Amino acid sequence: MKNILVTGCNGQLGNEMQLLATGYPEFNYFFTDVKELDITDENAVKSFVKTNGIDCVVNCAAYTAVDKAEADEAFCNILNHIAPGYLAKAVHEQGGYMIQVSTDYVFDGTTHIPYREEEPTCPATVYGRTKLAGEEAVMQNCPESVIIRTAWLYSTFGNNFVKTMLRLGREKETLGVIFDQIGTPTYARDLAVAIFAVLTQDFVPGIYHFSNEGAISWYDFTKAIHRIAGITTCKVRPLHTEEYPAPAARPHYSVLDKTKIKETYHIDIPYWEDSLAECIQKLEQN
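Let us look at the structure shown here. All figures in this text were calculated on a predicted structure; none of them were measured in a lab. (Residues numbered from 1 in each chain as written. Predicted model: local features only at pLDDT ≥ 70, side-chain atom pairs only at ≥ 80, totals over all residues. Heavy atoms only, no water.)

Focus: helix α6 (residues 161-171)
Of all the residues in α6, the buried ones are Val-162, Met-165, Leu-166, Leu-168 and Gly-169. Packing partners of the buried residues in α6 comprise β6 (153-154), β7 (174-178), α8 (218-229) and α10 (272-285). By the N-cap criterion, in which a side-chain oxygen at the helix start approaches the backbone nitrogen of a residue two or three places on, α6 is capped by Asn-160, the distance to Val-162 being 3.2 Å. (Buried < 20%, exposed > 50% of the residue type's maximum accessible area, 1.4 Å probe, protein only. Helix = DSSP H or I, 4+ residues; strand = E, 2+ residues; numbered from the N terminus. Contact = heavy atoms within 4.5 Å. Polar contact = N/O pair within 3.5 Å; in protein donor to acceptor, adjacent residues only side chain to side chain.)

In structure tokens form, the structure reads like this:
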């Protein structure tokens, strides 16, 4: 029975991993957040991995406050770059492997064709630079690792765009949302399903892209959120990026090409709107 360490278990993806884990009883799980394991402490990481005989690390922990990161580069770098290197080194010494979750922000978003894994990276933010450095640290310390880049993550857990737009849609009469940034939402549960597909099949190291299928703007995403939730009292207005200034630059186009992960791990990826409807239904049941 393989021992699986899942870090960042209290986040969106970590919570979804916990829910799905019951369906994969062939693994023995260690779900940790900072209270159980401080991944920025190299000695603590090495000790935990060795003591518990960890065979695979799934690193769901990250510094994801994109704007805040611009003024907090030191800690962002520790969590997104240095700590994944510690995890990779520790599990590699045990003869194991790692799954590192990364981001579309490793690209600057200036293209108009879905990004493939082998395309040159060009991060334009602290968040993007530290996540890219984290990818490199993982591969250097544990070459037999899988990097999964994702984008626009949301779920029933924590704070995210879907929850915010539901709340604002019910509170406000008008709402301005950016229409000139194009990407694909990712339901964290679907990403967790993909991670389990990697865990349960022949492990093929490398970089992969995963998001839901399709491509939309934040404006269109918001309109869909309100329509599915039955919110009719809020008028949503399209905004240009320059009308909503933020400390960190956003990629104007960050659609990810998922061909590689679909073909390698035989994954059927749901359409973004189908997954959104599923998530909203769960939120309304709670």
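Section: the sheet that holds strand β4 (residues 97-103)
Taken in spatial order, the six strands of this open sheet run β2-β1-β3-β4-β5-β10, and their pairing is parallel. The sheet is open, and its two edges are formed by β2 (27-31) and β10 (206-209), each paired on a single side. The average angle at which neighbouring strand axes cross in this sheet is 20 degrees, direction not considered. The strands touched by helix α7 (residues 188-200) are β1 (2-7), β2, β3 (56-59), β4 and β5 (145-150); relative to β4, the strand with the most contacts, the crossing angle is about 155 degrees. (Pairing = 2+ DSSP bridges. Axes fitted to C-alpha atoms, helices over the stretch in contact; angles between N-to-C directions.)

Concerning the packing of α8 against α10
Geometrically, a packed helix pair is captured by the angle between its two axes and the distance between the axes. At their nearest, the axes of α8 and α10 sit 10 Å apart, and the two run at 50 degrees to each other. In terms of orientation, α8 and α10 fall into the oblique class. Considering the relative orientation of α8 and α10, their crossing is right-handed. In contact with Phe-221, Ala-224, Ile-225, Arg-227, Ile-228 and Ala-229 of α8, α10 contributes Trp-272, Glu-273, Leu-276, Ala-277, Ile-280 and Glu-284. (Parallel < 35°, antiparallel > 145°, perpendicular 65-115°, else oblique. Left-handed = near helix turned anticlockwise from the far one by under 90°.)

Thoughts on unusual backbone geometry
Note: most residues except glycine have negative phi, and most peptide bonds are trans. In this structure, Trp-152 is a non-glycine residue whose phi angle is positive, near 50 degrees. Position of Trp-152 relative to the elements: it lies in the loop between β5 and β6. By relative accessible area, Trp-152 is classed as buried at 11%.

Concerning the pattern of salt bridges
For the structure on display, the rule yields eleven salt bridges. Residue Asp-67 is joined to Arg-250 by a salt bridge in which the shortest nitrogen-to-oxygen separation is 2.5 Å. Here the residue Asp-67 occupies a position in helix α3 (residues 66-69), and Arg-250 occupies one in the loop between β12 (235-239) and α9 (259-265), the gap between them amounting to 183 residues. In this structure, Lys-258 and Glu-213 form a salt bridge, with 3.9 Å as the shortest nitrogen-oxygen distance. Taken as a pair, Lys-258 in the loop between β12 and α9 and Glu-213 in the loop between β10 and β11 (216-217) lie far apart in primary sequence, 45 residues in all. What makes Lys-258 buried here is its relative accessible area of 5%. Within this structure, Glu-213, Lys-258 and Lys-262 form a network of salt bridges that share partners. (Salt bridge = Lys/Arg side-chain N within 4 Å of Asp/Glu carboxyl O.)

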